[in-house]
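Listed here are the chains, written in short residue letters.
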Amino acid sequence: MSKSHNFRDIAVISVASHQTKILSQVNEVQLMADLISRSRNSAGLKQEEIGFTCSGSSDFLAGQAFSFVHTLDAVGAVPPISESHVEMDGAFALYEAWVKLQIGEVDTALVYSYGKPSAGSVIDVLATQLDPYYVSPLWPDCFSLAGLQARSLLDKGSISLERMSEVAMRSQKNAFDNPNGVRSSEDISLDDLMSEPAIADPLRKSDLSEIADGGCAVILAADNKADSLCDRPAWIKGIDHRIDSHTLGARDLTRSPSASLAAEKAGRNSDRLDIAEIHGITSAQELILEKEFALEDETKINPSGGALASDTVMASGLIRIAEVASRIISGQVDRGLAHATSGPCLQQNLVCIMEGK
Amino acid sequence: MMSAELTAVLGVGQTKYSTTRGDVSIAGLCREAAYRALEDACLDFKEIDAVVIGKAPDFFEGVMMPELYLAEALGAVGKPILRVHTAGSVGGSTALVAASLIQSRVHEKVLTIGFEKQSESNATWALSLPQPFSVSINAGAGGYFSPIIRQYMKRSGAPELIGCMVAFKDRQHALKNPYAHLHQSELTFEEVVDSPMLWNPIRYSETCPSSDGACAMVLGNEKSGDQAENPVAWVHGTAMRSESNNFPGRDEVNPLASRECAADVFKQAGITDPLKEIDAVEIYVPFSWYEPMWLESLGFAELDQGWKMVEDGTTSLEGGQLPVNCSGGVLSSNPIGASGMIRFAEAALQVRGMAGDHQVDGAKKSFGHAYGGGAQYFAMWVVGSEKP
Amino acid sequence: MTESHPSPSPLSKKVEIPESIREVEPVRSIRSPVKLVYDFVPSPPVQEYLRSYSKKRILGHRSPIDGAVFVPPRGVDPRHGVLIDEVVELPDRGHVGNFCVTHLPIPGRDDLDTPYVSAWIHLDGANVGFLGLVAGCDNDEVHIGMRVQAVWKKEEELGNTAENILFWKPTGEPSIPPDEAGNRAWDHDK
């Protein structure tokens, strides 16, 4: 976001999401038809009244070229709609919609994304997003790469195995109250977690995100429109995204400069954050992000359990935004930070800061 | 109510389109187009605020979300990068997302790229992934579009060889475009007519090739447009529309999404009679018959009359009133993810007076168009030599 | 024509190859095979459809909005994005809404001799087309509006797949007028 210009006030006014280990009773199109209808209904909008629609998903994850074309049926694009799609997490689709609303020609937007990683082997699928000449042919899986990252952090002494397990415990306990929390526990102990065998050493099972099927739909509205449709909109105070180098060997894996920069550009300042929903695929990544976002004790981190508890590839980032927004809309909290990541080892990051008025 | 920031095309860069660009990697291909666009805009990677990249299905190269791997090659490290995918219309949609970053005043200068390197993988494999629970008898895009073309022929009463005339015209146009994939200087009209029937009524010579290639543009705000050293193209209107693929009463020949998208973009550009007011047109024609079909749908011709503009030479660069696809079009170069952006970029080159041998003299306003899916995704823009 | 091809690369800086490897044959390409396995699970409506289809019964979905019938069932009315759960049974007869004569083989379908006719079959009582092959007559005889009926596989070859109908053959009944065939049959004011 450039500082030289006053941006239009845009808010999240309604959200609907669903996550489960394996989606079996409905297909993605049916799931999204339900979530999109729910998000529109709670905003009191019909599709014809929505100015722009944007979605995020991946053909590789779906195992099908042009997979998003089918999901358009869930929107009901008759009469035709003004619409776009990013081959990215839905959080980036929300960014595109935010940009579209900034132009000032439309006042409302529908954003959605979904993923059904249970159809394939997600760690193999994600290996195809690495450098196709030098890295991908070696088939390193995403958790092993994240293991390298965790090892760098441990070697540097900036985290400990115990801190990682504390994060894993926080996730499982917070997820217990979340109907979308796939891996949750009311009473798991640090000892339980520390005694798990390593899977991608030093990462244990609970340090790795629990892959889940699901989707999310979000309605955005601008200015007075948001006020008229929602008692307490979650106003987007800042949103920005940045990318780092893809070359893992050229990066300090203990840092995520793009996460830090995106937070700065989104206006992460000393103002109190009640909550932060951060998107890491490992406990160690959450610890990196806590540092990059300068999160203090006053901020409750991942009250939903975060992506560690239910990681719907291509939707986990948008779900983070929805988790923060829904707590602001319901009046539970005043101000929160939501984060989405993409690529290996926190390569690409988006930060969205929201508050009630 | 605030208004959109004026947006200008500051630079255009294209690679030579060909079956296999074995001399460059995916990154090298994209960089070639990006460098040329930056050179044309007299800018450096450092001066770019954000990058928007588009391509068709990732299966074409076998690389998932390749923008991640391309971050450095595109000079995007430390910057925002977005990746668009809207089926065949993606090159156009990508340009429009980039334009929206300027129109919204979020950024001042944006680099946008569309690419496809089909030779890196097996496109037939990519498009024939076995789909469970459905029958596999619709051989590719030709199998999908041929019934629609058949319906158009029946509806309009167009003579059978109109499609061949379009194909021949576009291949002639391509001879004037050094970047075009197909340079068939010896090709005769009879050879087009005699080429094998693939999906009746579509002949081999009425289809597009499969190409490697990239196209890039640098877009900027009003200030950067005013300061540019080379002529710029000003954006007068932008529109995207989508509709579902298969529903009762759908007009597949002339989809409502196409008509509404065109009406929107022309309204924004203040155009009431496109045929009179537009000087050059780049429309997405992967199968020859789509030229007359889109001319009707877009409002350049009356319903069922578009084929007459082909027959009487209206759409030819050689003295036609409305030259269509002076670059040779998709029928002469088809790096899928870039094909839409090439249409948009060629439209910009025309009003900048920089289209070289395929320039339409004195073009002031031009139209760029892309479509995708089952003719259900549309992206369009109108650009002009003067500010709107 | 003018042979004014743009140079392949604008990056004019010369790449200096070290003396020691100057004689080594350059790598022109690398082969890196990608194999990904996906298990697709049919949702309950699709399961029901496939099970019935294996018994030569064709099921469709009726929209709660205006009664439009979709086949195969998709669980959603794509015009409104609403869920559908009303199942209707359709006859294995209808007309050709539109068609394509394909002269190219399809990867994985060696059993199809070219040229063959693929068509959107509009089953009686359905409001969208259903993809199938048309055979049992000359390809030249196939036309929009032609009445057809299904020719099913032998009993022992039927299964829970989308491929239980071998092809659609002409019934000899009078054709539907082209203006009323296929999607054009839908009454927008209904």
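This is a predicted model, so every value here is computed, not measured. (Residues numbered from 1 in each chain as written. Chains lettered and ligands numbered in written order. Predicted model: local features only at pLDDT ≥ 70, side-chain atom pairs only at ≥ 80, totals over all residues.)

### Re the overall build of chain C
For chain C, the count of helices and strands is one helix and 10 strands. Reading the helices (α) and strands (β) of chain C from amino to carboxyl end gives α-β-β-β-β-β-β-β-β-β-β. Relative to its full complement of 190 residues, chain C shows a buried share of 32%. Here the contacts in chain C between residues at least 6 apart in sequence split such that 55% fall between residues at least 24 apart. (Helix = DSSP H or I, 4+ residues; strand = E, 2+ residues; numbered from the N terminus. Buried ≥ 20, exposed ≤ 12 C-beta atoms within 10 Å, placed from the backbone. Contact = placed C-beta atoms within 7 Å.)

### Quick look at the overall build of chain A
The number of helices and strands found in chain A is 13 helices and 12 strands. Seen through its C-alpha atoms, chain A measures out along the principal axes to roughly 55 × 45 × 40 Å. When each of the 357 residues of chain A is scored for burial, the buried share is 67%. A separation of at least 24 residues holds for 79% of the contacts in chain A among residues at least 6 apart in sequence.

### Things to note about the domain arrangement of chain A
All names here are of chain A. Each domain of chain A was delimited in the assignment, giving domain 1 (10–121 + 211–234) and domain 2 (123–209 + 235–355). Just the C-alpha atoms count here: the centres of domain 1 and domain 2 sit 22 Å apart. Listed per partner, the contact involves 40 residues of domain 1 and 33 residues of domain 2. Mapped onto the side of domain 1 that touches domain 2, the elements with two or more residues apiece are strand 1 (10–20), helix 2 (59–62), helix 4 (90–103), strand 4 (108–115) and strand 7 (213–222). Ranked by the residues each element gives to the side of domain 1 that touches domain 2, the list is headed by strand 1, at eight residues. Looking at the side of domain 1 that touches domain 2 residue by residue, the classes come out as 22 nonpolar, 14 polar and four charged. (Domains from an automatic or database assignment. Nonpolar A, V, L, I, M, F, W, Y, C, P; charged D, E, K, R; others polar.)

### Notes on the interface of chain A and chain B
Of the residues lining the interface, 51 residues belong to chain A; the matching set on chain B comes to 53 residues. Elements that contribute at least two residues to the side of chain A that touches chain B include exactly helix 2, strand 3 (83–86), helix 4 and strand 8 (234–243) of chain A. At six residues, helix 4 of chain A tops the list of elements feeding residues into the side of chain A that touches chain B. Of the residues that constitute the side of chain A that touches chain B, the class distribution is 22 nonpolar, 20 polar and nine charged.

### Section: the sheet that holds strand 2 (residues 69–70) of chain C
Within a sheet, neighbouring strands are paired by backbone hydrogen bonds and run either parallel or antiparallel to one another. The sheet built from three strands is open, its strands ordered 2-1-5 (chain C) with antiparallel pairing. The open sheet has two edge strands, strand 2 and strand 5 (86–90) of chain C, and neither has a second partner. (Pairing = 2+ DSSP bridges.)

### Description of the nonpolar core
Within the largest apolar cluster, 294 residues are counted, with the highest numbers of intra-cluster contacts made by V218 and L220 of chain A together with C30 of chain B. The leading source of residues in this core is helix 12 (residues 336–352) of chain B, at 10 residues. When residues of this core are sorted by domain, at least three fall in each of domain 1 (10–121 + 211–234) and domain 2 (123–209 + 235–355) of chain A. Other than its neighbours up to four places away in sequence, V218 of chain A contacts V12, V15, S39, L94, V111, L318, I321 and A322 of chain A. (Core = buried A, V, L, I, M, F, W, Y, C linked by C-beta atoms within 7 Å.)

### What about the pairing of strand 1 (residues 7–14) of chain B?
Residue and element names in this part refer to chain B. With respect to burial, strand 1 is a largely interior element, eight of its eight residues being buried. Taken together, the seven bridges between strand 1 and strand 7 (residues 212–221) define a ladder with antiparallel strand orientation. Each residue of the ladder has a partner; that of G11, found in strand 7, is V218. Direction of pairing for strand 1 relative to strand 8 (residues 233–242): antiparallel, over a ladder of two bridges. When the bridges of strand 8 are listed, V9 appears paired with A233.

### Notes on the packing of helix 7 (residues 161–175) of chain A against helix 11 (residues 283–292) of chain A
Residue and element names in this part refer to chain A. The interhelical angle for the contact between helix 7 and helix 11, taken along N-to-C directions, is 95 degrees, at an axis separation of 8 Å. The angle between helix 7 and helix 11 places the two elements in the roughly perpendicular class. Across the interface between the two elements, R163, M164, V167 and A168 of helix 7 pack against S283, A284, E286 and L287 of helix 11. Tallied by class, residues from the contact of helix 7 with helix 11 come to five nonpolar, one polar and two charged. (Axes fitted to C-alpha atoms, helices over the stretch in contact; angles between N-to-C directions. Parallel < 35°, antiparallel > 145°, perpendicular 65-115°, else oblique.)

### So, the environment of D271 of chain A
Residue and element names in this part refer to chain A. Relative to the elements of secondary structure, D271 occurs in the loop between helix 10 (257–265) and strand 9 (275–277). For D271, a count of 11 C-beta atoms within 10 Å translates into the label exposed. Residues D271 and G56, spaced 215 residues apart in sequence, show a C-alpha to C-alpha distance of 31 Å.

### Considerations on the pairing of strand 3 (residues 81–84) of chain B
All names here are of chain B. In strand 3, alternate side chains face the same way, and those of I81 and R83 on one face and L82 and V84 on the other are all buried. Here four bridges tie strand 2 (residues 50–54) to strand 3, and the two strands are oriented parallel to one another. Counted as the bridge partner of V52 is L82 from strand 3.

### Quick notes on the interface of chain A and chain C
Opposite the 26 residues of chain A that make contact, chain C presents 20 residues. Among the elements of the structure, helix 1 (28–43) and helix 5 (122–127) of chain A are those that each provide at least two residues to the side of chain A that touches chain C. Among the elements that make up the side of chain A that touches chain C, the one with the highest residue count is helix 1 of chain A (six residues). A per-class count over the side of chain A that touches chain C returns 11 nonpolar, 12 polar and three charged.

### What to know about the packing of helix 2 (residues 90–103) of chain B against helix 12 of chain B
Relative orientation and spacing of two packed helices are given, respectively, by the angle between their axes and the distance between those axes. Residue and element names in this part refer to chain B. Relative to each other, helix 2 and helix 12 sit at 60 degrees, their axes nearing to 5 Å. Between helix 2 and helix 12, the crossing angle belongs to the class labelled oblique. From helix 2, V90, G91, G92, T94 and A95 reach across to helix 12, where they touch G337, A338, S339, G340, M341, I342, R343 and F344. Among the residues forming the contact of helix 2 with helix 12, the class breakdown is six nonpolar, six polar and one charged.

### Remarks on helix 4 (residues 140–156) of chain B
Residues and elements named next belong to chain B. With 17 residues, helix 4 extends 25 Å between its outermost C-alpha atoms, agreeing within 8% with the 24 Å of an ideal straight helix rising 1.5 Å per residue. The sharpest bend along helix 4 reaches about 30 degrees and sits at S146, with the proline P147 one to four residues further on. Here helix 4 lies mainly inside the structure; 12 of its 17 residues are buried. Every buried residue of helix 4 is listed here: G142, G143, F145, S146, P147, I148, I149, R150, Q151, Y152, M153 and S156. (Expected span 1.5 Å × (residues − 1). Bend = angle between axes of the 7 residues up to and from the residue.)

### Notes on the confidence of the model for chain C
For chain C, the average pLDDT comes to 87, and 89% of its residues sit at 70 or higher. Interface confidence in the predicted complex, given as ipTM, is 0.97; pTM for the same model is 0.96. (pLDDT = per-residue confidence, 0-100.)

### A closer look at unusual backbone geometry
Residues and elements named next belong to chain A. Residues V78 and P79 are joined by a peptide bond in cis, for which omega reads 0 degrees. Relative to the assigned elements, P79 resides in the loop between helix 3 (67–71) and strand 3. A positive phi is found at A294, a non-glycine position, where the angle reads about 50 degrees. With respect to the helices and strands, the residue A294 is situated in the loop between helix 11 and strand 10 (300–301).

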